[in-house]
Amino acid sequence: LSAVLEVVRQRKLPGLCGQILAALPLCKDEALRGSLRRALIATVTPADGALLREHLAAADPQARIAAIATLAHVSGEAADADALRLLTDSDELVQAAAARALADHGRREALAPLVKLLASEQIPARIEASRTLRAATGKHFGYTVYDAAEKRAAAVAQWKQWLESEGATAAIAFPLRDSPVDLGRLLVCDHNQNLLIEFDTAGKKLWQRQVGPQPWACVGL
């Protein structure tokens, strides 16, 4: 499935929106869901608008996320009304996707929901809110998604203060260009010593483990 989605993305094969959306239940991890969303954007045509709007009401939050991201891409500002409705969705990840779609069109209504999501209990929601806010505003305020709750709370308070004082007039950079998200950790493969090592943002070694021969890549789960 991953290979098929990548071929669709690379070759921009049109007319496969329905088939790709139907494959969403097979995507059990975020890496595969991300591949599916990229394939959707590569294959979508204006004729798929009605199908995508049907999926905005799907029971699966991942279907709503894929649908609003793709609809915003193919329909532009015509999808803003749909995204505005999803800002109050029951799922925080859907809210984050809707806010990102709005921010990508320079809509200031995205800012308050994104700042609110910085305090989410869900790490993926915090990541999406953080990367969108940083891309849209250029601000950071020392916010790191994996920090302890009390440290994150201090950064969120600064975001809220900024929103109150400058949110109504601050420039929004759009379309969005992503900047790195500070995860609060750095994973390193030591190819020569067969080690996986974790450092914090200050460079202090937190953890290491002997792994198989010559590790060359790793990912934090």
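Look up: the structure comes first, before these words.
Residues numbered from 1 in each chain as written. Predicted model: local features only at pLDDT ≥ 70, side-chain atom pairs only at ≥ 80, totals over all residues. Heavy atoms only, no water.

Attention now moves to helix α10 (residues 149-166). With 18 residues, α10 ought to run about 26 Å at 1.5 Å a step, and its terminal C-alpha atoms sit 25 Å apart, in line with that. For α10, every residue scored as buried is listed here: Arg152, Ala155, Val156, Trp159 and Trp162. Buried residues in α10, looked at end-on, bunch into an arc of 115 degrees, giving them a common side. Residues of α10 that are exposed and point over 90 degrees away from its buried face: Glu150, Gln161, Glu164 and Ser165. Buried residues along α10 sit in contact with α8 (111-117) and α9 (123-137). (Helix = DSSP H or I, 4+ residues; strand = E, 2+ residues; numbered from the N terminus. Expected span 1.5 Å × (residues − 1). Buried < 20%, exposed > 50% of the residue type's maximum accessible area, 1.4 Å probe, protein only. Arc of directions from axis to C-beta. Contact = heavy atoms within 4.5 Å.)

Moving on, we get to the packing of helix α7 (residues 92-103) against α9. Where α7 contacts α9, the axes come no closer than 9 Å and their chain directions differ by 10 degrees. Classified by the interaxial angle, the pair formed by α7 and α9 is roughly parallel. Two secondary-structure elements touch here, α7 through Glu92, Leu93, Ala96, Arg100 and Ala103 and α9 through Pro124, Ala125, Glu128, Arg131 and Thr132. Partitioned by chemical class, the residues of the contact of α7 with α9 number five nonpolar, one polar and four charged. (Axes fitted to C-alpha atoms, helices over the stretch in contact; angles between N-to-C directions. Parallel < 35°, antiparallel > 145°, perpendicular 65-115°, else oblique. Nonpolar A, V, L, I, M, F, W, Y, C, P; charged D, E, K, R; others polar.)

Time to look at the packing of aromatic side chains. How two aromatic rings sit relative to each other is set out by the distance from centre to centre and by the angle between their planes. Inspection of the entire model under this criterion finds two aromatic pairs. Ring centres of Phe141 and Trp159 lie 4.9 Å apart, and the angle between their planes is 85 degrees; on these two criteria the pair is classed as edge-to-face. On the criterion of sequence distance, the pair formed by Phe141 in the loop between α9 and α10 and Trp159 in helix α10 is long-range, its members being 18 residues apart. Classification of Phe141 by relative accessible area gives partly exposed; the value is 27%. (Phe/Tyr/Trp six-rings, centres within 6.5 Å; stacked < 30°, edge-to-face > 60°.)

Geometric values such as these leave the question of function open.
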